[in-house]
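The chain contents come next:
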Amino acid sequence: MISEVTGIRRIRMLYLQLLYLQLLYRCNFECLHCFHGKRLQHADAFTTDEAVNLLTLMRDEYGTEAVTLLGGEPFVYRDLAQVVRYAKRDLGMQVEICTNGYRIERRLTEIAPDLDLLRVSLEGIGSTNDQIRKFGSYRSALSALEIAQRLGVRTGATMTVTSRNIEEVLPLARVLQGYGVEQLKLHCLRPVGNAADHPELLITDLAAYTRLRGGLDAADLEIEVIVDEDLSEAGAPDSCLPDGGPVEIERIEADPRGALTMSCKAVGKDSHAFWYDKLADHVDHRPSPTDELALAVPDVVYGRV
């Protein structure tokens with residue numbers, strides 16, 4: 001078990017990737033920067049029972065308080081409503097969904113009573129976003145935010161900072177602010193998955209990150225903006241492990257194969273320390289050369305809610 005190997009007794013956040021028709025990373029988009037890349041074609045998936053069992057295990061054994069459901073695209077997962085209801089009503093967890101927001105109105109209305117936060121991914125304004133994600137996705141995402149607001153669901157957003165959109169971070173933050181969005185998370189692009197085939201998206205002038213942070217500092221924003229530590233000239237630290245080892249971690253990420261990762265730089269890697277045996281419903285330690293037991297990178301927060 002996790003506690004026996006690491007000494008960790010409490011996990012505050014569990015990230016689950018839930019997909020439809022047992023296609024591991026099934027999605028209705030093929031974004032240029034997607035770190036899943038060819039994994040979108042893989043066939044692994046959590047069944048509803050497997051997802052429910054893992055949620056229960058993490059809540060009962062490690063005190064997990066919240067779950068973010070993502071993918072692929074979670075709104076194409078057939079039993080999304082069932083998993084959301086179980087996490088909220090049976091386990092009392094905070095439930096967040098990270099989505100592309102594309103034509104989700106009907107299903108969003110269905111799960112709204114049990115959803116604490118809808119987080120929509122955007123990569124800029126108008127055509128900038130659509131060229132990276134999908135034609136029509138910008139307007140669809142804003143429509144999803146409008147509907148969520150009418151349904152009383154709190155909203156957030158994510159943006160992966162690239163050479164194409166770094167100048168639109170502040171304009172996008174202001175647009176989102178106008179839609180009542182509470183928080184924007186900015187992520188660093190890593191050259192893995194689809195992004196490996198699009199090196200032109202990488203930011204080579206790292207001083208641009210300093211200018212971005214300066215602009216955020218000077219902006220009078222009501223929306224909260226959270227910036228990855230990687231978005232700096234110095235980059236992120238090599239290790240996120242605190243002195244004395246971890247006692248409580250912010251999150252653990254589970255993919256539909258059963259790999260559990262506690263790492264600050266796990267995106268696009270097979271870096272994991274544990275496997276969840278979905279059939280036997282327990283966690284095993286399976287050492288690998290890429291094991292990374294570390295806490296999430298600390299983020300810098302701008303603006304206010």
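**As for the packing of aromatic side chains**
How two aromatic rings sit relative to each other is given by the distance of their centres and the angle of their planes. This model, assessed by the stated rule, comprises one aromatic pair. Centroid distance Phe-29 to Tyr-102: 5.3 Å. Interplanar angle 65°. Geometry classified as edge-to-face. On the criterion of sequence distance, the pair formed by Phe-29 in the loop between strand S2 (13-17) and helix H2 (48-62) and Tyr-102 in the loop between strand S4 (94-99) and helix H4 (105-111) is long-range, its members being 73 residues apart. Judged by its relative accessible area of 13%, Tyr-102 is buried.

**Some words on the environment of His-187**
Position of His-187 among the secondary structure elements: in strand S7 (residues 183-188). Here the alpha-carbon distance between His-187 and Met-159, two residues 28 residues apart in the chain, equals 6.1 Å.

**A few points about the state of the cysteines**
Taken as a whole and assessed by the stated rule, the structure comprises zero disulfides. Just so you know, Cys-34 is unpaired, no disulfide at all, and the nearest cysteine sulfur is the one on Cys-31, 6.3 Å from it. For Cys-34, a relative accessible area of 17% gives the class buried.

**Points about the pairing of strand S6 (residues 154-161)**
Most of S6 is tucked away: seven of the eight residues are buried. When strand S5 (residues 117-121) meets S6, the two strands line up parallel, connected through five bridges. Paired with Leu-117 across the two strands is Arg-154, which belongs to S6. Pairing between S6 and S7: six bridges, direction parallel. The residue bridging Ala-157 from the neighbouring strand is Leu-184, located in S7. Crossover connection from S6 via helix H7 (residues 169-178) to parallel S7: handedness right-handed.

**Considerations on the confidence of the model for the protein**
Mean pLDDT over the protein: 80, with 75% of residues reaching 70 or higher. Contacts for the low-pLDDT stretch residues 16-24, under 50 throughout, to residues beyond four places or in other chains number 52 contacts. Residue range residues 287-305 is modelled with pLDDT below 50. Its contacts to residues more than four positions away, or to other chains, number 66 contacts.

**Quick notes on unusual backbone geometry**
In this structure, Arg-103 takes a positive phi of about 55° despite not being glycine. Its place among the elements puts Arg-103 in the loop between S4 and H4. Residue class for Arg-103 comes out exposed when judged on its relative accessible area of 66%.

**With respect to the packing of H2 against helix H3 (residues 80-90)**
In the contact formed by H2 and H3, the axes pass within 10 Å of each other and the chain directions differ by 25°. Taken together, the axes of H2 and H3 lie roughly parallel to each other. As H2 packs across H3, the resulting crossing turns out to be right-handed. In this structure, H2 contributes Thr-48, Ala-51, Val-52, Leu-55, Thr-56 and Arg-59 to the contact, and H3 contributes Gln-82, Val-83, Tyr-86, Ala-87 and Asp-90. Taken together, the residues of the contact of H2 with H3 sort by class into six nonpolar, three polar and two charged.

**What to know about the side chain of Ser-121**
Within the fold, Ser-121 resides in strand S5. Accessibility expressed as a relative area gives 11% for Ser-121, which makes it buried. Excluding anything up to four places from it in sequence, Ser-121 contacts Cys-98, Thr-99, Asn-100, Arg-133 and Thr-158.

**Some thoughts on helix H6 (residues 137-151)**
Its 15 residues give H6 an end-to-end C-alpha distance of 21 Å, which sits within 8% of 21 Å, the value for a rise of 1.5 Å per residue. Within the sequence span of H6, burial applies to Ser-137, Tyr-138, Ser-140, Ala-141, Leu-142, Ala-144, Leu-145, Ile-147 and Ala-148. Contacts made by the buried residues of H6 are with H4, S5, helix H5 (127-132), S6 and H7. Positive phi shows up at Gly-152, right after H6, with a value of about 80°.

**Section: the environment of His-198**
Here His-198 lies in the loop between S7 and helix H8 (207-218). Along the backbone, His-198 and Leu-32 are 166 residues apart, and their C-alpha atoms lie at a distance of 7.0 Å. Reaching out from His-198, the side chain makes a polar contact with the side chain of Glu-200 at a distance of 3.0 Å.

**A look at the nonpolar core**
In this structure, Ile-97, Leu-118, Leu-176, Leu-186 and Leu-216 are the most contacted members of the largest nonpolar core, which totals 67 residues. Residue contributions to this core peak at seven residues, all from H6. When sequence neighbours within four positions are dropped, the list of residues in contact with Leu-186 reads Met-159, Val-161, Val-169, Leu-212, Leu-216, Val-225, Ile-226, Val-227, Asp-228 and Leu-231. Core analysis: the second largest hydrophobic core is formed by five residues, Leu-32, Ile-132, Ala-195 and Leu-201 among them.

Parameters and conventions
- Residue positions within a chain follow its written sequence, with the count starting from 1.
- Only residues with pLDDT of at least 70 are given local features in this predicted model, and only at 80 or more are side-chain atom pairs given and counted; all residues enter the totals for whole chains, interfaces and linings.
- Only heavy atoms go into the side-chain values, all of them from the structure, while hydrogens and water stay out.
- Aromatic pairs are defined between Phe, Tyr and Trp rings, using the six-membered ring for Trp, whenever the two ring centres lie within 6.5 Å; interplanar angles under 30 degrees are classed as stacked, those over 60 as edge-to-face, and all others as tilted.
- Segments assigned H or I by DSSP are reported as helices when at least four residues long, segments assigned E as strands when at least two residues long, and all are numbered from the N terminus.
- Categorising residues by exposure relies on relative accessible area from a 1.4 Å probe, with only protein chains included: less than 20% of the type maximum marks a residue as buried, more than 50% marks it as exposed, and the intermediate range marks it as partly exposed.
- When two cysteine sulfur atoms lie within 2.5 Å, the pair is treated as a disulfide.
- Strand pairing requires that DSSP identify at least two bridges connecting the strands.
- Handedness rule for crossovers: strands pointing away from the viewer, path from the first strand over the helix to the second running clockwise, crossover right-handed.
- Every residue gets a pLDDT, meaning the predictor's confidence in that residue, from 0 to 100.
- Whether two residues are in contact is decided by their heavy atoms: any pair within 4.5 Å suffices.
- Orientation is described by lines fitted to C-alpha atoms, with helices fitted over the stretch in contact, and by angles between N-to-C directions that extend from 0 to 180 degrees.
- Working definition: roughly parallel below 35 degrees, roughly antiparallel above 145 degrees, roughly perpendicular at 65 to 115 degrees, and oblique for all remaining angles.
- With the far helix as reference, a near helix turned anticlockwise by less than a right angle produces a left-handed crossing, and one turned clockwise produces a right-handed crossing.
- The residue classification treats Ala, Val, Leu, Ile, Met, Phe, Trp, Tyr, Cys and Pro as nonpolar and Asp, Glu, Lys and Arg as charged. All others, Gly included, are polar.
- One less than the number of residues in a helix, times 1.5 Å, gives the span that helix is expected to have.
- In protein, a polar contact means a hydrogen-donor-capable atom and an acceptor-capable atom, both N or O and within 3.5 Å, with residues adjacent in sequence counting only if both atoms are side-chain atoms; elsewhere, any N or O pair within 3.5 Å suffices.
- For the purposes of this section, nonpolar cores are sets of buried Ala, Val, Leu, Ile, Met, Phe, Trp, Tyr and Cys residues that join through side-chain atoms within 4.5 Å.

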